[in-house]
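# Architecture and fold: a report
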Amino acid sequence: MDCEPQYQPITLADIIVPYLQSRGYTTVQHRNVHRAVDKLFQSVRQACKWKNQQRVTSFELNLLNLFMVNNSNFGTPKPCGASAGGGSVGTTPDASSCSEQDDFDAAEEPPSDPDSEEEYRPEDHPEDTPRRKKCRIRLPETAKMLDRMDVGPECGAKILSSLCKDMDVRDEDGHRVVLTASKLRGETDRQGKECYKQLQNLKIHGLFFDGKKDKTAVRNKEAKRNDIETESHCSLVLHYPDRTMEEKQEGRYIGHINLENGTGVNIACGIMDYVEAAKLDLSPWELLGCDGTVSNTGHLEGVHAHLQRILKKPLFLSVCLLHHVELPLRHLVEEIDGPTSGPEQFSGCIGKLLKTDVWELPVADNFETFTVPDFPDVPQAVKKELSNDALYLLRVCIAIITGIVPADLKHAKIGKLCQSRWLTLASRLCRLHISGTCTDPNLRLLVNYIVQVYYKTYANIKMKCTLVSGPGHLLNEIQMIREHCEARERDIALKTVEYNNYFAHPEAILLAMLGSDDESDRRKAISIISDIRGFSRRTTRVFLKPVLNRTAVTVFQLANIKKFTSGKGRLSGQWVFLTQSKGWQLVTEPPMTLGKPLDEYLTTPLKINYPCHSQSVERAVALTSSSVKRKVGYEKQRNLGLVKYNSRKEYKGKVAVKRFG
């Protein structure tokens, strides 16, 4: 024809359909072509981009050769008579109307006859390598360790693939193993779900919890990116009464819950929803551990009160003694020196000096020392469990007592000053004292309280951390305050102790007496519990704080407990104690001894390995904070925390180094 031909772009169907027809498929429909091409086009496109012929099949490789011979096919014009897709194709386009067809046929023909499968030998064409099999290797421990060390799947895939290359790791077909990010991502998700399934049918004996506002990763759907927002979370830890000394302080992390607000009813409902969804066994639940905030301990609207109503059973309330021992020091600093002026600042003269780097101050030659004959001798096993702040305070207290400051202690740095870390405040006060630069007499009062009362109580709690030791620690603290503090200092400290005297509750006192080495104390506790069992009791009771006896000499004298022997009212013949807000109330039996025979305690003291502090929950809070910041979505964040906990528990301590080769 003399007319000038019109041109239009070549489509993918114009390349694929002639190729299939040349292989014997004479009736090829475009919809079938598109259905097959959709599966192959992605790998062909990647092969064209990276020229990686080892990752494609022979069929895809032939398509790739077509693209390589005419690398501008997508932009090459063609006559309008060529097929543009749509309908059924029954014949091959005429060679005169498409000049590129000969090039396609030449490019796709192998050296031998393409129509004879017997004459075509794949070994003559090494470029026709088969598709590799998927990597079916399971990597559970690797996935746990990557999550524990906060290594993402992309970085982990590169590291592990490099390791496989260095060690020449190959699969069963002889190909080098290459790990992808999707492989590790799926493995980490699988391990997280398995860790969550392991919680099923766990028995709840003692549940400890604590909350915190954390920076949380959330998905911004409008901007299609991940943002950081502040959300409230509550971490949950299980404790058991029959665990060993090491296990009772560690606890078992079971996850966290998201909180809309910090009210008691919201926290209690969130805890119940979580334990029911995880299918935990609630029947042996007997203890709830937390700090002393009102939202947790309120006798009407606290978490403890709401959980008792939901479960319809009494729960022993264990309030952390490590939080309790910090409160008198906090109030002493605020009353003697001045209140706080920010999260890391104090308004008093001494408080302003603490903001500086006090460890840079020189050590005075004649700083004042204190005589502390009963300062606790902390065993080496307990020292290993102490934090750096607690260990520093121990050493600086010993230096103040002996008057000798070790060389490495003179310039040792102290942790950040914060209202939630009173150990660092005490350490800075002691370091300021031995420098001799502050002559304020109030500094001596504060250091005297730290050396004589605060750290002695802290060390005793760390050495004897069982629940039955709680009332004894409270009694020792009251006695040390009475003996070593001046009048003003004594009134401030005792007032704070009395407000947080949860371990002076009759239930805690009875447990301490049952666990005493003195047989007379155990007999008295058994007698009281036997009298209590003689009267009918409600399934739940209101947990009220007692009036503290500041002059107590024994554990039983911490609260005003007596038996009504006169009168004909409802309290006649029953054991009662004086509360701070409701007057005289009935003494109730501890949940740990309900339904158990008491005669065995005559010869063997009660042993309950619940901790009297919630340090394990503080570690769980840090674990939750790191988990919610890394992943998006509550389930992934929860599973990540569980994987981290299991990995830390399995690989606790230093990992031994093995030499290869």
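Computed from a predicted model, the values in this text were never measured in an experiment.

## A word on helix α12 (residues 321-336)
- In this model, α12 (16 residues) spans 24 Å end to end at C-alpha, consistent with the 22 Å of a helix rising 1.5 Å per residue.
- Where α12 ends, the next residue or the one after it, Gly338, has phi of about 145 degrees, a positive value.

## Notes on the packing of helix α17 (residues 422-435) against helix α18 (residues 441-463)
- Closest axis-to-axis distance for the α17/α18 pair is 10 Å, and the angle between their directions is 130 degrees. By the angle between their axes, α17 is oblique relative to α18. Helix-helix and strand crossings are classified by hand; for α17 and α18 the assignment is left-handed. Across the interface between the two elements, Trp422, Leu423, Ala426, Leu429, Cys430, Leu432 and His433 from α17 touch Leu443, Leu446, Val447, Ile450, Tyr454 and Tyr458 from α18.

## So, the pairing of strand β7 (residues 252-259)
- Within β7, seven of the eight residues are buried, leaving the element largely enclosed by the surrounding structure.
- Both strand β6 (residues 225-239) and β7 contribute to a ladder of seven bridges, which runs antiparallel. Across the sheet, the residue bridging to His233 is Asn258, located in β7.

## Details of the packing of aromatic side chains
- Taken as a whole, this structure holds four aromatic pairs when the rule is applied.
- Pairing Tyr253 with Tyr645 gives two aromatic rings, centres 6.3 Å apart and planes at 50 degrees, and the pair type is tilted. Here Tyr253, found in strand β7, pairs with Tyr645, found in helix α24 (residues 634-650); they are 392 residues apart in sequence, far enough to count as distant. Tyr645 shares its class with Tyr253; the two are buried.

## Side note on the pattern of salt bridges
- Across all of its chains, the model carries 21 salt bridges by this definition.
- One salt bridge in this structure joins Arg176 and Asp168, with 4.0 Å as the shortest N-O distance.
- Note that Arg225 and Asp227 form a salt bridge whose closest N and O atoms lie 2.9 Å from each other.
- Here the salt bridges share partners, and the residues they tie into one network are Arg138, Glu187, Arg190 and Glu194.

## Some details on the sheet that holds β7
- The strand order across the open sheet formed by five strands is β7-β6-β5-β8-β9, and the pairing between neighbours is mixed. Only two strands of the sheet have a single partner each, and these edge strands are β7 and β9 (316-319). Put simply, the sheet's adjacent strands are angled 35 degrees from each other on average, direction ignored.
- Sheet strands touched by helix α23 (residues 615-628): β5 (206-220), β6 and β7. Its angle to β5, the strand with the most contacts, is close to 15 degrees.

## Notes on the side chain of Glu477
- When you line up the elements, Glu477 lands in helix α19 (residues 470-484).
- Ignoring sequence-local partners within four residues, the contact set of Glu477 consists of His324, Val325, Pro328, Tyr449, Val453, Thr457 and Val497.

## Here we look at the nonpolar core
- The biggest cluster of nonpolar side chains holds 142 residues, and the ones touching the most others in it are Ile271, Trp285, Leu393 and Tyr454.
- Sorting elements by how many residues they give to this core places α18 first, with 13 residues.
- Those residues in contact with Trp285 that lie beyond four places of it in its chain are Ile204, His205, Leu207, Ile271, Met272, Leu307, Leu311, Lys313 and Leu315.
- Within the second largest apolar cluster, eight residues are counted, among which are Leu139, Leu146, Ala157 and Leu179.

## Some remarks on the sheet that holds strand β13 (residues 575-578)
- Pairing within the open sheet is antiparallel, and its three strands lie in the order β12-β13-β14. Taken across any chain shown, the strands that pair with only one partner, and hence form the sheet edges, are β12 (561-563) and β14 (584-586). Neighbouring strand axes in the sheet, compared pairwise and without regard to direction, differ in orientation by 40 degrees on average.

## Focus on unusual backbone geometry
- A positive phi is found at Lys224, a non-glycine position, where the angle reads about 55 degrees.
- Position of Lys224 relative to the elements: it lies in the loop between β5 and β6.
- In this structure Lys224 comes out as exposed when scored by relative accessible area, which is 66%.

## Describing the confidence of the model for the protein
- In this model, the protein carries a mean pLDDT of 81, and residues with pLDDT of at least 70 account for 75%.
- When the elements of the protein are averaged for pLDDT, strand β3 (residues 77-79) gives the smallest value, 37, and helix α21 (residues 506-514) the largest, 96.
- Under a pLDDT of 50 for its full length, residues 4-9 has, in the predicted model, 15 contacts with residues more than four places off or in other chains.
- Across residues 50-56, where pLDDT falls below 50, the model places 16 contacts with residues more than four positions away in sequence or in other chains.

## Concerning the environment of Gly351
- Residue placement: Gly351 occurs in helix α13 (residues 349-354).
- Relative accessible area serves as the criterion here: at 4%, Gly351 is assigned to the buried category.
- On a C-alpha basis, the gap between Gly351 and Leu429 in space is 8.9 Å, while along the polypeptide they are 78 residues apart.
- Leave out the neighbours within four places in its chain, and Gly351 touches Asp337 and Phe346.

Cut-off values and rules
- Residues numbered from 1 in each chain as written.
- Predicted model: local features only at pLDDT ≥ 70, side-chain atom pairs only at ≥ 80, totals over all residues.
- Heavy atoms only, no water.
- Helix = DSSP H or I, 4+ residues; strand = E, 2+ residues; numbered from the N terminus.
- Expected span 1.5 Å × (residues − 1).
- Axes fitted to C-alpha atoms, helices over the stretch in contact; angles between N-to-C directions.
- Parallel < 35°, antiparallel > 145°, perpendicular 65-115°, else oblique.
- Left-handed = near helix turned anticlockwise from the far one by under 90°.
- Contact = heavy atoms within 4.5 Å.
- Buried < 20%, exposed > 50% of the residue type's maximum accessible area, 1.4 Å probe, protein only.
- Pairing = 2+ DSSP bridges.
- Phe/Tyr/Trp six-rings, centres within 6.5 Å; stacked < 30°, edge-to-face > 60°.
- Salt bridge = Lys/Arg side-chain N within 4 Å of Asp/Glu carboxyl O.
- Core = buried A, V, L, I, M, F, W, Y, C linked by side-chain atoms within 4.5 Å.
- pLDDT = per-residue confidence, 0-100.

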